[in-house]
Amino acid sequence: MSMPLCPNCHSANVHIKPIATRTCEGIGAVTGGIAAAKAGTAGAAIGTAICPGVGTAIGGITGIVAGFFTGALSGAAVGRAIDRKIVQAFHCNDCGYDFAA
Ligand SMILES: [Zn+2]
């Protein structure tokens, strides 16, 4: 894929904006948050079975943290793939102009 010229100042000094990466990272974090709530419940149940009280709290927190990071990381990976293949938004390094190809 060849880089386009900036429509504002005609500079060739442009780069692809990582739009989808950030968007999907956010979506992944939200999805991960939902998964985290479920994982937290499951973790709390496991923790309760092992050691009621302390185990419930530790199991719940562990499940939430794991679910959140898994969601955010997988979301970012999907976003990077979309950036590379689908979204073609550019940013001019010379004048700061944003444009789509
Ligand atoms: Zn420009």
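To keep things clear, this report deals only with the structure shown in the data block. Worth saying up front: this structure is predicted, and the values here are computed from it rather than measured. (Residues numbered from 1 in each chain as written. Predicted model: local features only at pLDDT ≥ 70, side-chain atom pairs only at ≥ 80, totals over all residues.)

A count of helices and strands for the chain gives two helices and three strands. Counting over 101 residues, the chain shows a buried share of 27%. (Helix = DSSP H or I, 4+ residues; strand = E, 2+ residues; numbered from the N terminus. Buried ≥ 20, exposed ≤ 12 C-beta atoms within 10 Å, placed from the backbone.)

Here three strands make up an open sheet; going across it, the order is β1-β2-β3 and the pairing antiparallel. Two strands in the sheet have a free side with no partner beyond their single neighbour: β1 (14-16) and β3 (98-100). Each neighbouring strand pair of the sheet contributes to a mean axis angle of 30 degrees, computed without reference to strand direction. Sheet topology note: the strand β2 (residues 89-92)/β3 ladder contains three bridges and is antiparallel. Bridging across to β3, A89 finds its partner in A100. (Pairing = 2+ DSSP bridges. Axes fitted to C-alpha atoms, helices over the stretch in contact; angles between N-to-C directions.)

Glancing now at the pairing of β2. Alignment of β1 against β2, held across three bridges, turns out to be antiparallel. When the bridges of β2 are listed, I16 appears paired with F90.

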